[in-house]
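Examination of the molecular architecture
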There are 2 protein chains.
Amino acid sequence: MNGGRGHYPPSIARLVDEFAKLPGVGRRTAERLAFHCLASPREEAMGLARAIRDARNNLRACSRCFHVAEGELCQVCSDPGRDRELICVMELPRDAIALEKAGVYRGLYHILQGRLSPSEGTGPGDLRIGELMERLAAAAGEGRPAAEVILATRPTAEGDATAEYLAGELRAGFPGLRVTRLARGLASGTEFEAAAPSSLIFAFQGRRE
Amino acid sequence: MNGGRGHYPPSIARLVDEFAKLPGVGRRTAERLAFHCLASPREEAMGLARAIRDARNNLRACSRCFHVAEGELCQVCSDPGRDRELICVMELPRDAIALEKAGVYRGLYHILQGRLSPSEGTGPGDLRIGELMERLAAAAGEGRPAAEVILATRPTAEGDATAEYLAGELRAGFPGLRVTRLARGLASGTEFEAAAPSSLIFAFQGRRE
């Protein structure tokens, strides 16, 4: 329904439209959020606008692992205390952040930026798989090879297929490398973000070859 | 809970904080919205930021009725087709917009910008009551007095008290003026925004002296 858009001044109509594009935000919620922005202290509304703009302008992909970063390297890659022999491969930055919150992992990451998805037309060349191979080869060439790659794609059909594909590539390219997958303590289809930290810990500790 | 804020780059942490200030948005929803802003096309995220900024910069109170306006006068006051003998007094712009959507009212508005609230320390001097009196006096002085003022404050204790106070002031200042209140077809405590248009129509048509 149009909902009487013409009754808004154009600035409000546009603000409602923009809020309604957010996931899980319907028309009525979008109206409530828009009016909140108009009624709240100016600094609060402008703070949200600025935070969105700054996040989009400041954030980029870490040049090593493709996690979100504000500089050349992400917070994990910049941390000298992390175990450089372990690389945890995940689909998206939010997955890595969920794992960081559980506090169980002290190695590095490699963020694929997605998963293999025939239905969405995403193939191996669309993910950061080539960069993972180059990174592993470079580390080996420098005499400090990775000891283990943990395939922590999501516990879904596409995540599993992605892990299976990666396992084949890694075994072929790096015969001595330990390649593991997180234990299926996670219910199929669960999002990392929605999992309790304790489930993540179980899944992590029970990871298998 | 802190929820592991330190695991975010500062730009994301700030964006999550800002989203979490919105009404009805908890920490987890704020995280989802923040990541959506990062993952969505740049123009979509920037569109929201711009819409918030523009709405705050462009919108002001109508100089006549204090409804939201993009120029000197709001859309209703600027419309030559509205009945200038009728003034509907409401608490907030969103109330007037809800009524506009119902399409039942063709007069003008006067937005109080709140309601009498002893608990929040809001007295008559904090509302646009003086401006309403001046506006009625000016119209009478120009020989085209208002015929009716509809007190359409919200159907709550504070809204009722505000309407009662206004009724006394209006009767004392403008003895010939018809002063009405919306029929209580609305359930007590209902927000105008949440009411079905048909309830608004019943309430409007059944308004009483």
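Description of the structure in this document. Quick caveat: nothing in here was measured; it's all calculated off a predicted structure. (Residues numbered from 1 in each chain as written. Chains lettered and ligands numbered in written order. Predicted model: local features only at pLDDT ≥ 70, side-chain atom pairs only at ≥ 80, totals over all residues. Heavy atoms only, no water.)

**Some points on the packing of aromatic side chains**
Residues and elements named next belong to chain B. Following the criterion strictly, the structure yields four aromatic pairs over all chains and no others. Geometrically, the ring pair formed by Tyr8 and Phe35 is tilted, given 6.4 Å between the ring centres and 50° between the ring planes. One end of the pair, Tyr8, is in the segment before α1 (10-20); the other, Phe35, is in helix α2 (residues 27-39), and 27 residues separate them in sequence. (Phe/Tyr/Trp six-rings, centres within 6.5 Å; stacked < 30°, edge-to-face > 60°. Helix = DSSP H or I, 4+ residues; strand = E, 2+ residues; numbered from the N terminus.)

**Structural notes on the sheet that holds strand β6 (residues 178-181) of chain A**
Residue and element names in this part refer to chain A. Within the open sheet, the four strands sit side by side as β4-β3-β5-β6. Their pairing is parallel. In the strand order of this sheet, the two ends are held by β4 (107-111) and β6, each with one partner. Averaged over all neighbouring strand pairs, the angle between strand axes comes to 25°, with direction disregarded. Pairing of strand β5 (residues 148-151) with β6 involves four bridges; the strand directions are parallel. Paired with Ile150 across the bridge in β6 is Thr180. Of the strands in this sheet, β3 (83-90), β5 and β6 touch helix α6 (residues 157-173), which is tilted by about 175° from β6. (Pairing = 2+ DSSP bridges. Axes fitted to C-alpha atoms, helices over the stretch in contact; angles between N-to-C directions. Contact = heavy atoms within 4.5 Å.)

**Considering α6 of chain A**
All names here are of chain A. Its 17 residues give α6 an end-to-end C-alpha distance of 24 Å, which sits within 8% of 24 Å, the value for a rise of 1.5 Å per residue. Among all positions in α6, only Gly159, Thr162, Ala163, Leu166, Ala167 and Leu170 are buried. Buried residues of α6, viewed axially, fall in a sector of 140°; they line one side. Counted as exposed and oriented over 90 degrees from the buried face of α6: Ala157, Glu164 and Ala172. (Expected span 1.5 Å × (residues − 1). Buried < 20%, exposed > 50% of the residue type's maximum accessible area, 1.4 Å probe, protein only. Arc of directions from axis to C-beta.)

**Some details on the interface of chain A and chain B**
Between chain A and chain B, the contact holds 53 residues from the first and 52 residues from the second. Together, the buried faces of chain A and chain B total about 5,100 Å²; carbon and sulfur atoms form 63% of this surface. Joining chain A to chain B, the criterion identifies four salt bridges. The interface formed by chain A and chain B holds 18 residue pairs in polar contact (both at pLDDT 80 or more) in total. Here the element with the most residues in the side of chain A that touches chain B is helix α3 (residues 42-58) of chain A; it accounts for 16 residues. Along the lines of polarity and charge, the residues of the side of chain A that touches chain B split into 25 nonpolar, eleven polar and 17 charged. (Buried area = accessible area lost by both parts, 1.4 Å probe. Salt bridge = Lys/Arg side-chain N within 4 Å of Asp/Glu carboxyl O. Polar contact = N/O pair within 3.5 Å; in protein donor to acceptor, adjacent residues only side chain to side chain. Nonpolar A, V, L, I, M, F, W, Y, C, P; charged D, E, K, R; others polar.)

**Some thoughts on the sheet that holds strand β3 (residues 83-90) of chain B**
All names here are of chain B. The four strands lie next to each other as β4-β3-β5-β6, forming an open sheet whose pairing is parallel. Bordering the open sheet on either side are β4 (107-111) and β6 (178-181), each of which pairs with just one other strand. On average, each strand axis in the sheet is inclined to that of its neighbour by 25°, with strand direction left out of account. Bridge analysis of β3 against strand β5 (residues 148-151) gives four bridges, and the strand direction is parallel. Bridge assignment links Leu86 to a residue of β5, and that residue is Glu148. The strands that helix α5 (residues 129-141) touches are β3, β4 and β5; relative to β4, the one it contacts most, it runs at about 145°. The sheet strands contacting helix α6 (residues 157-173) are β3, β5 and β6, and the helix crosses β6 at an angle near 175°.

**Some details on the nonpolar core**
Judged by nonpolar contacts, the single largest core of 46 residues is most densely connected at Leu15, Phe19 and Ile52 of chain A together with Leu15, Phe19 and Ile52 of chain B. For this core, the elements supplying multiple residues, two or more each, are α1 (10-20), α2 (27-39) and α3 of chain A together with α1, α2 and α3 (42-58) of chain B. Apart from residues no more than four positions distant in its own chain, Phe19 of chain B is found in contact with Leu22, Leu48 and Ile52 of chain A together with Val25, Ala30, Leu33, Ala34, Cys37 and Leu48 of chain B. (Core = buried A, V, L, I, M, F, W, Y, C linked by side-chain atoms within 4.5 Å.)

**Focus: the pairing of β5 of chain A**
Side chains Glu148 and Ile150 of chain A of β5 of chain A all project onto a buried face; the interleaved residues Val149 and Leu151 of chain A project onto the opposite face, where all are buried too. Regarding topology, α6 of chain A serves as the crossover connection from β5 of chain A to the parallel β6 of chain A, and that connection is right-handed. (Right-handed = clockwise from strand over helix to strand, strands pointing away.)

**Some thoughts on the side chain of Thr153 of chain B**
All names here are of chain B. Mapped onto the secondary structure, Thr153 falls in the loop between β5 and α6. A residue is classified by how much of its surface remains accessible, and Thr153, at 3% relative accessible area, is buried. A polar atom in the side chain of Thr153 sits 2.8 Å from the backbone oxygen of Gly159.

**Details of the packing of α2 of chain A against α3 of chain B**
α3 of chain B packs onto α2 of chain A with a crossing angle of 50° between their chain directions and a minimal axis gap of 9 Å. On the basis of their axis angle, the class for α2 of chain A and α3 of chain B is oblique. In this structure, α2 of chain A crosses over α3 of chain B, and the sense of that crossing is right-handed. Contact residues: α2 of chain A offers Cys37, Leu38 and Ala39 of chain A, while α3 of chain B offers Ile52, Ala55 and Arg56 of chain B. Split by residue class, the contact of α2 of chain A with α3 of chain B holds five nonpolar, no polar and one charged. (Parallel < 35°, antiparallel > 145°, perpendicular 65-115°, else oblique. Left-handed = near helix turned anticlockwise from the far one by under 90°.)

**Examining the relation of the copies chain A and chain B**
Mapping chain A onto chain B is achieved by rotating through 180° and translating by 0.0 Å along the same axis, at an RMSD of 0.0 Å. Between the two chains, the operation in question is that of a two-fold axis. Within chain A, Ala49 of chain A has its C-alpha nearest the rotation axis, a separation of 2.1 Å. By residue overlap, the copies meet face to face through one surface: 98% of the interface positions of chain A are interface positions in chain B. (Least-squares fit on C-alpha atoms with pLDDT ≥ 70 in both.)

**A word on the side chain of His110 of chain B**
Residues and elements named next belong to chain B. Residue position: His110 is located in strand β4. Owing to a relative accessible area of 0%, His110 belongs among the buried residues under this scheme. With sequence-adjacent residues up to four places away left out, His110 is seen in contact with Arg64, Cys65, Phe66, Ile87, Cys88, Val89, Met90, Arg128, Glu131, Leu132 and Arg135.

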